[in-house]
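Inside the fold
Take a look at the letters that make up each chain.
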Protein chains: 2
Amino acid sequence: MSGEDQELPVFTTAADMRNWVRKQKKSGRKVALVPTMGYLHDAHLSLVKAALEKADVVVASIYVNPTQFAAHEDFDVYPRNADEDRAKLKAVGAHAVFEPESLYVQVPGASEGANVVGRETHHPDSHETYVTVERLQKPLCGGSRPHFFRGVCTVVTKLFHICEPDVAVFGRKDYQQFRVISRMVRDLDFPIEVVGVPIGREADGLAMSSRNARLSPESREKALCLSRGLAWAEKAAAEGSVSDSAAVQAHVRGLIEEAGGKVDYVELLHAINLGPVTDLSSQPVLLALAVHFPAKDVGTVRLIDNTVLNPDKE
Amino acid sequence: MSGEDQELPVFTTAADMRNWVRKQKKSGRKVALVPTMGYLHDAHLSLVKAALEKADVVVASIYVNPTQFAAHEDFDVYPRNADEDRAKLKAVGAHAVFEPESLYVQVPGASEGANVVGRETHHPDSHETYVTVERLQKPLCGGSRPHFFRGVCTVVTKLFHICEPDVAVFGRKDYQQFRVISRMVRDLDFPIEVVGVPIGREADGLAMSSRNARLSPESREKALCLSRGLAWAEKAAAEGSVSDSAAVQAHVRGLIEEAGGKVDYVELLHAINLGPVTDLSSQPVLLALAVHFPAKDVGTVRLIDNTVLNPDKE
């Protein structure tokens, strides 16, 4: 199925994509999907690599999904680089790319604005169906972006129906997204295994992100406080030396502030249902961080990182 | 696949049901699903017959879906008669029955109330994912039952994921439900053809319903005003003798009230998007009726009926 000299098939319509996947499955091949919004970096490619270990063929989708952006957000200027993305996907061993122009119905004759979903104006024949995971969408990033996970769940549902994968691969860096999708799959009986890939890290521990390139050399050094804070908490939880979530929160916040980071949040939540936790000894606990550091150009860079304490209690 | 002497397979788990369907599809058979809440009558069986014309094998599901009932509604006393349902399905030629005990996750150790969806109390690990068709759910029956179509869409999504049908069959008597499901399938890219079966009628025109048995002999006669009103409007629209929806509404309402029916609604809406209409000449228009008649025992019987004017303009 792969090889340097072979073309990487690129599908732009749902029908063509589904036909290709069904042919693969008819031949007994297990299919994995890696949904992306493009502009791929090493962390995305590690998802493709993980997918290759779980399935015989891997489809990567590239689609900047308008329904997960609010009207004031950066949908129009979200970076796109499809040619380079395809080359990277081919090099890492993906077997097909799904690259639709639009995934939402375009009403003939309606003005462009009427077809833009996630905005104010709607045509009565335009897209109107949404999938919502009601509780899991609320904490962490959901508070400031109320439509975000609704848009994610809706587009992932569409991609699942088009690509019909046996396995779908998401990164654990976007931990809440991974949990929201996992719960959606459970609740709606999708016949799909959801795989959460561990966070890719640089040699010194910094979680990989395209945003790291915007850090000044001093900030790059300071930012190690995130992975150090997580490692401290993992060790403390494993040893049983702290049992109270508030104590962990305060200590990690202190480490970050001491290093010069500006905390957006340091949160401890139940790792599966993202509900409140106090006791660290009997359940898996997510420790999630969002911290600003000075950028090398202007403003700050917001980095996120997380780990699960007591992962064996999942 | 059929025959008087063969057992009708009955599946109670999602895994068993899906395995059976996948085997059918692997053998090249086209699969149709007829979702029901059981207590089957002739109109349900006409859906199975329509399904048999569209596919090689027909699965009927029997499941009283708690998420489409509000807390004050009649979920607990909804009539159930599974043995008779199975006999009827076998007689009409269905090939399998899906009869799950519950389709919603039951959290181990949680109190019973915490697992009841559609009610107030939720456990943090209980079902929380819903599918909503935002605009189409609002008019007609949606106004008085705000959670109804959300529950219908959610359970139909689950049934689609479990039974993986090529075709799904719904009655046009529940016209809004048929349109809501059709739009959900379009918007979420389900690989499923939705078929809407025309309303089954008695020889004199009365739409079939299990509620007809509750009409007194006088009410049974009066209730013919519904189909007569629809027939009048169909003829008027076809001849072009009325072009204004308000005129049709007033005339049909008059016919019904003259016959002694108590109107809940007489509504004309765009037949596809259920938006407002005024002009009857250029678009398909739903004429939907809900009318109370005296019951033979106590209270009234609420009958519904509908037709599409200008169906060729769909």
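Residues numbered from 1 in each chain as written. Chains lettered and ligands numbered in written order. Predicted model: local features only at pLDDT ≥ 70, side-chain atom pairs only at ≥ 80, totals over all residues. Heavy atoms only, no water.

The name an unreviewed UniProt entry gives chain A is Pantoate--beta-alanine ligase, with Edaphochlamys debaryana as the organism. Under the heading Pathway (unreviewed entry), UniProt records this for chain A: "Cofactor biosynthesis; (R)-pantothenate biosynthesis; (R)-pantothenate from (R)-pantoate and beta-alanine: step 1/1." Under the UniProt heading Catalytic activity (unreviewed entry), the note attached to chain A is "(R)-pantoate + beta-alanine + ATP = (R)-pantothenate + AMP + diphosphate + H(+)". (UniProt positions renumbered as here; feature names shortened; annotations may be inferred.)

Thoughts on the overall build of chain A
Each helix and strand counted, chain A has nine helices and 10 strands in total. The C-alpha atoms of chain A give 21 Å as radius of gyration, which agrees with the globular expectation for 314 residues (20 Å, within 12%). Within chain A, the fraction of its 314 residues that count as buried is 52%. A separation threshold of at least 6 residues defines the contact pool for chain A, and within that pool the share at least 24 residues apart is 69%. Here chain A has roughly 14000 Å² of accessible surface; of this, 50% comes from carbon and sulfur atoms. Of the charged side chains in chain A, 36 are positive and 42 negative, and the gap between their average positions amounts to 2 Å. (Helix = DSSP H or I, 4+ residues; strand = E, 2+ residues; numbered from the N terminus. Rg over C-alpha atoms; globule rule 2.2 N^0.38 Å. Buried < 20%, exposed > 50% of the residue type's maximum accessible area, 1.4 Å probe, protein only. Contact = heavy atoms within 4.5 Å. Areas by Shrake-Rupley, 256 points an atom, 1.4 Å probe, with all protein chains shown as cover. Lys, Arg positive; Asp, Glu negative; His and termini not counted. Charge placed at Lys NZ, Arg CZ, Asp CG, Glu CD.)

Section: helix H8 (residues 224-239) of chain A
Residue and element names in this part refer to chain A. With 16 residues, H8 extends 23 Å from end C-alpha to end C-alpha; this agrees with the ideal 22 Å at 1.5 Å per step. The complete set of buried residues in H8 reads Leu224, Cys225, Leu226, Ser227, Gly229, Leu230, Ala233, Ala236 and Ala237. Among the structural elements, helix H7 (217-222), helix H9 (245-259), strand E9 (285-294) and strand E10 (300-309) are those in contact with the buried residues of H8. Looking one or two places after H8, you find Gly240, whose phi comes out positive at around 75 degrees. (Expected span 1.5 Å × (residues − 1).)

A short note on the relation of the copies chain A and chain B
In screw terms, the move from chain A to chain B is a rotation of 180 degrees and a rise of 0.0 Å along the axis, fitting with an RMSD of 0.0 Å. In short, the pair behaves as if placed about a two-fold rotation axis. Minimal C-alpha separation from the rotation axis in chain A is found for Val131 of chain A, amounting to 2.3 Å. Mapped onto chain B, 100% of the interface residues of chain A are again interface residues, and the two copies thus contact each other with one and the same surface. (Least-squares fit on C-alpha atoms with pLDDT ≥ 70 in both.)

Looking at helix H6 (residues 148-163) of chain B
When the terminal C-alpha atoms of H6 of chain B are compared, their 22 Å separation across 16 residues agrees well with the 22 Å that a helix rising 1.5 Å per residue should span. The element H6 of chain B is largely enclosed, with a buried count of 16 among its 16 residues.

Details of the environment of Pro276 of chain A
By the secondary structure assignment, Pro276 of chain A is in the loop between strand E8 (262-270) and E9. For the pair Pro276 of chain A and Thr307 of chain A, spaced 31 residues apart in sequence, the C-alpha to C-alpha distance is 16 Å.

What to know about the interface of chain A and chain B
Listed per partner, the contact involves 35 residues of chain A and 35 residues of chain B. Note on chain A versus chain B: buried area summed over both sides is about 3100 Å², and carbon and sulfur give 42% of it. Seen at the junction of chain A and chain B, the total is nine salt bridges. Taking the shortest distance from any N to any O, the salt bridge between Arg183 of chain B and Asp125 of chain A comes out at 3.4 Å. Across the chain A-chain B interface, the total number found is 41 residue pairs in polar contact (both at pLDDT 80 or more). Secondary structure elements with two or more residues in the side of chain A that touches chain B: helix H1 (14-26), strand E5 (129-133), helix H5 (148-163) and helix H6 (175-187) of chain A. Per-element tally for the side of chain A that touches chain B: the top contributor is H5 of chain A, with six residues. Taken together, the residues of the side of chain A that touches chain B sort by class into 12 nonpolar, 10 polar and 13 charged. The sheet contact formed by E5 of chain A and strand E5 (residues 129-133) of chain B spans five bridges and is antiparallel. (Buried area = accessible area lost by both parts, 1.4 Å probe. Salt bridge = Lys/Arg side-chain N within 4 Å of Asp/Glu carboxyl O. Polar contact = N/O pair within 3.5 Å; in protein donor to acceptor, adjacent residues only side chain to side chain. Nonpolar A, V, L, I, M, F, W, Y, C, P; charged D, E, K, R; others polar. Pairing = 2+ DSSP bridges.)

Quick word on the environment of His161 of chain B
Secondary-structure assignment places His161 of chain B in helix H6. Taking the C-alpha atoms as reference, His161 of chain B lies 9.1 Å from Ala14 of chain B; in sequence the two are 147 residues apart. When sequence neighbours within four positions are dropped, the list of residues in contact with His161 of chain B reads His161, Leu188, Asp189, Phe190 and Pro191 of chain A together with Arg18 and Phe190 of chain B.

Section: the packing of aromatic side chains
Residues and elements named next belong to chain B. Within this structure, the stated rule accounts for 12 aromatic pairs over all chains. Above the plane of the ring of Phe75 lies Arg80, whose end atom (NZ or CZ) is 5.2 Å from the centre. Geometry around Tyr130 places Arg150 over its ring, the cationic atom sitting 3.6 Å from the centre. (Phe/Tyr/Trp six-rings, centres within 6.5 Å; stacked < 30°, edge-to-face > 60°. Lys NZ or Arg CZ within 6 Å of the ring centre and 35° of its normal.)

Let's talk about the pattern of salt bridges
Under the criterion given, the structure shown has 35 salt bridges over all chains. Notably, a salt bridge pairs Arg86 of chain B with Glu99 of chain B, separated by 2.8 Å at the nearest N-O pair. On the criterion of sequence distance, the pair formed by Arg86 of chain B in helix H3 (residues 82-92) and Glu99 of chain B in the loop between strand E4 (96-98) and helix H4 (112-115) is long-range, its members being 13 residues apart. Classification of Arg86 of chain B by relative accessible area gives partly exposed; the value is 26%. A cluster of three or more residues bridged by salt bridges with shared partners is formed by Asp125 and Glu128 of chain A together with Arg135 and Arg183 of chain B.

Structural notes on the nonpolar core
Counting 93 residues, the largest nonpolar core has Met17, Phe160 and Met184 of chain A together with Met17, Phe160 and Met184 of chain B as its most contacted members. In this view, Phe160 of chain A contacts Leu33, Pro165, Ala168, Phe170, Ile181, Met184, Val185, Phe190 and Ile192 of chain A; residues no more than four positions away in its chain are not counted. (Core = buried A, V, L, I, M, F, W, Y, C linked by side-chain atoms within 4.5 Å.)

Here's the deal with empty space enclosed by the protein
Residues and elements named next belong to chain A. Taken as a whole, this structure holds two cavities of 30 Å³ or more when the rule is applied. In this model, the largest cavity occupies a volume close to 50 Å³. Around the largest cavity, the lining residues are Lys173, Leu206, Ala207, Ser209, Asn212, Ala223, Leu226, Ser227, Leu303, Ile304 and Asp305. Counting only elements with at least two residues in the lining of the largest cavity, the list comes to H8 and E10. It is E10 that contributes the most residues to the lining of the largest cavity, three residues altogether. (1 Å grid on protein atoms, 1.4 Å probe; cavity = no way out; pocket = protein on both sides within 12 Å on 5 of 7 lines; lining within 4 Å. Points joined across faces, edges and corners; volume = space filled by probe spheres on them.)

Remarks on the packing of H5 of chain A against H6 of chain A
Residue and element names in this part refer to chain A. Interhelical geometry of H5 versus H6 gives an angle of 55 degrees and a closest axis separation of 11 Å. In terms of orientation, H5 lies oblique with respect to H6. Read as a crossing pair, H5 and H6 show a hand that is right-handed. Between H5 and H6, the contacting residues are Phe148, Phe149, Val152, Cys153, Val156, Thr157 and Phe160 on the first element and Gln176, Gln177, Val180, Ile181, Met184 and Val185 on the second. Among the residues forming the contact of H5 with H6, the class breakdown is 10 nonpolar, three polar and no charged. (Axes fitted to C-alpha atoms, helices over the stretch in contact; angles between N-to-C directions. Parallel < 35°, antiparallel > 145°, perpendicular 65-115°, else oblique. Left-handed = near helix turned anticlockwise from the far one by under 90°.)

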